[in-house]
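Examining the three-dimensional arrangement
Take a look at the letters that make up each chain.
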Amino acid sequence: MTPREVTITLDQGNSSTKLVVYDAHTREELACSVATESTDSETIKEQLCGYKIVAAIGCNVAHDRSLKELMKIMASDIKLELTPDTPVPLKNLYGSPETLGADRLAAAIGAAALIPDEDLLIADIGTACTFDVVTSDGEYLGGNISPGPGMRLRALNRFTARLPLVSGHADFIPGIGSNTVEALRCGAMRGVVAELLYYSGYGQTRRIVLSGGWAPEIAALLPDDISYALRPHLVNEGLNHILHYNLNR
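Read on for an overview of the structure. (Residues numbered from 1 in each chain as written. Predicted model: local features only at pLDDT ≥ 70, side-chain atom pairs only at ≥ 80, totals over all residues. Heavy atoms only, no water.)

A word on the overall build of the chain
Scanning the chain from terminus to terminus reveals 7 helices and 11 strands. The C-alpha radius of gyration of the chain comes to 19 Å, within 12% of the 18 Å expected for a compact globule of 249 residues. Each of the three principal axes of the chain carries a C-alpha extent, and together these read 60 × 45 × 35 Å. Looking at the chain residue by residue over its 249 residues, the buried ones come to 45%. Surface exposure of the chain reaches about 12900 Å², of which carbon and sulfur atoms provide 51%. The average position of the 21 basic charges and that of the 30 acidic charges among the side chains of the chain differ by 4 Å. (Helix = DSSP H or I, 4+ residues; strand = E, 2+ residues; numbered from the N terminus. Rg over C-alpha atoms; globule rule 2.2 N^0.38 Å. Buried < 20%, exposed > 50% of the residue type's maximum accessible area, 1.4 Å probe, protein only. Areas by Shrake-Rupley, 256 points an atom, 1.4 Å probe, with all protein chains shown as cover. Lys, Arg positive; Asp, Glu negative; His and termini not counted. Charge placed at Lys NZ, Arg CZ, Asp CG, Glu CD.)

Here's the deal with the layout of surface pockets
Quantified by volume, the largest pocket comes out at close to 840 Å³. Lining of the largest pocket is provided by 30 residues; of these, Gly 13, Val 61, Asp 103, Asp 124 and Thr 127 occupy positions nearest its centre. Sorting the residues of the lining of the largest pocket by element identifies β1 (4-12), β2 (16-23), α3 (102-114), β7 (120-125), β8 (128-134) and α7 (234-247) as the ones contributing at least two each. Classifying every residue of the lining of the largest pocket gives 9 nonpolar, 15 polar and 6 charged. Estimated volume of the second largest pocket: approximately 370 Å³. Surrounding the second largest pocket, 20 residues form its lining, Pro 84, Glu 98, Leu 100, Gly 101 and Ala 102 being those nearest its centre. Here the residues of the lining of the second largest pocket sort into 10 nonpolar, 7 polar and 3 charged. (1 Å grid on protein atoms, 1.4 Å probe; cavity = no way out; pocket = protein on both sides within 12 Å on 5 of 7 lines; lining within 4 Å. Points joined across faces, edges and corners; volume = space filled by probe spheres on them. Nonpolar A, V, L, I, M, F, W, Y, C, P; charged D, E, K, R; others polar.)

Describing the pairing of β8
Along β8, 6 of the 7 residues are buried, which leaves the element largely enclosed by surrounding structure. The antiparallel pairing of β7 with β8 creates a hairpin that spans 2 residues between the two strands. Note: β8 against strand β9 (residues 139-147), 7 bridges, orientation antiparallel. Each residue of the ladder has a partner; that of Thr 130, found in β9, is Ile 145. (Pairing = 2+ DSSP bridges.)

Concerning α7
With 14 residues, α7 ought to run about 20 Å at 1.5 Å a step, and its terminal C-alpha atoms sit 20 Å apart, in line with that. Buried residues dominate α7, accounting for 11 of its 14 residues. For α7, the set of buried residues is Leu 234, Val 235, Asn 236, Glu 237, Gly 238, Leu 239, Asn 240, Ile 242, Leu 243, His 244 and Asn 246. (Expected span 1.5 Å × (residues − 1).)

Brief notes about the sheet that holds strand β4 (residues 51-60)
The strands that make up a sheet are held in pairs by hydrogen bonds between backbone atoms, and each pair lies either parallel or antiparallel. What the 5 strands build is an open sheet, ordered β3-β2-β1-β4-β5; its pairing is mixed. Of all strands in the sheet, those bounded by a partner on one side alone are β3 (29-36) and β5 (79-81). When strand polarity is set aside, the average angle formed by the axes of neighbouring strands in this sheet is 20°. Summarising the sheet, β1 and β4 pair through 9 bridges and their orientation is parallel. By the bridge assignment, Thr 9 is partnered in β4 with Ile 57. (Axes fitted to C-alpha atoms, helices over the stretch in contact; angles between N-to-C directions.)

Topic: the pattern of salt bridges
Under the counting rule described, the total for this entry stands at 9 salt bridges. Salt-bridge contacts for Arg 152 lead to Glu 195; the nearest nitrogen and oxygen are separated by 2.4 Å. Within this pair, whereas Arg 152 is found in helix α4 (residues 149-158), its partner Glu 195 is found in helix α5 (residues 180-201), the two being separated by 43 residues in sequence. In this structure Arg 152 comes out as buried when scored by relative accessible area, which is 17%. One network of salt bridges, with partners in common, ties together Arg 4, Asp 23 and Glu 28. (Salt bridge = Lys/Arg side-chain N within 4 Å of Asp/Glu carboxyl O.)

Structural notes on the sheet that holds strand β11 (residues 228-230)
Here 6 strands make up an open sheet; going across it, the order is β6-β9-β8-β7-β10-β11 and the pairing mixed. Looking at the sheet topology across the chains shown, the edges are occupied by β6 (91-92) and β11. Where strand β10 (residues 207-211) and β11 come together, 3 bridges link them in parallel fashion. Residue Val 209 lies in a different strand from β11, and its bridge partner there is Ala 229.

Quick look at the packing of aromatic side chains
Under the counting rule described, the total for this entry stands at 3 aromatic pairs. Geometrically, the ring pair formed by Phe 131 and Tyr 199 is tilted, given 5.1 Å between the ring centres and 40° between the ring planes. Taken together, the residues Phe 131 in strand β8 and Tyr 199 in helix α5 connect sequence positions 68 residues apart. Of the two residues examined, Phe 131 and Tyr 199, each falls in the buried class. An aromatic cluster is present here, built from Phe 131, Tyr 198 and Tyr 199 joined pairwise through their rings. (Phe/Tyr/Trp six-rings, centres within 6.5 Å; stacked < 30°, edge-to-face > 60°.)

Written out as structure tokens, the structure reads:
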């Protein structure tokens, strides 16, 4: 049986790497896994067994780590790392492209490929919140960064004398807290929602594309009339789009 031809994308963060496998021709997502420093190469090889790897691409936001070891496992002659010099299908207008997180740019490109020819707000809601803007003309303008819900709650506990440490996770989050725990949780979670609504409508209406670990819970708090796309592997989608863009140049 002829092995299926695939492309591999690697989104390497500070504590783990998200590996997503795509069909090389249809670009359909086939598999996703998370590798940590304790994940051995044999485990990754087993996950990729039965595929023919046409090409691989990765991005790395952990400056003390490298993609090299993971790339060695990829049985392909075509291996790319997203850097400021990599050709991409967006015009990057960021003032200092060398300091722009590769994951932010990849997510923006993934969103623009998903929803072309529209003004977009790409929000990655994780440890930090990033809010990035892409125009309908295919221009990446940059964006803003603020603390994620968990960081907000930890900071309120750490830098005050009496506020407790509260989890942002709850089955129900009211609009206004009726006690201190609710006030903290609502402030953190609905504060992110307020930022989303502000940035999506600031100057003009932008379609919202959400990603990141907190994204499903934040999406559940958005008003019913707000349209959004929830994409858990948005960075990997963008990396795959960048890879094909370079393969076809």
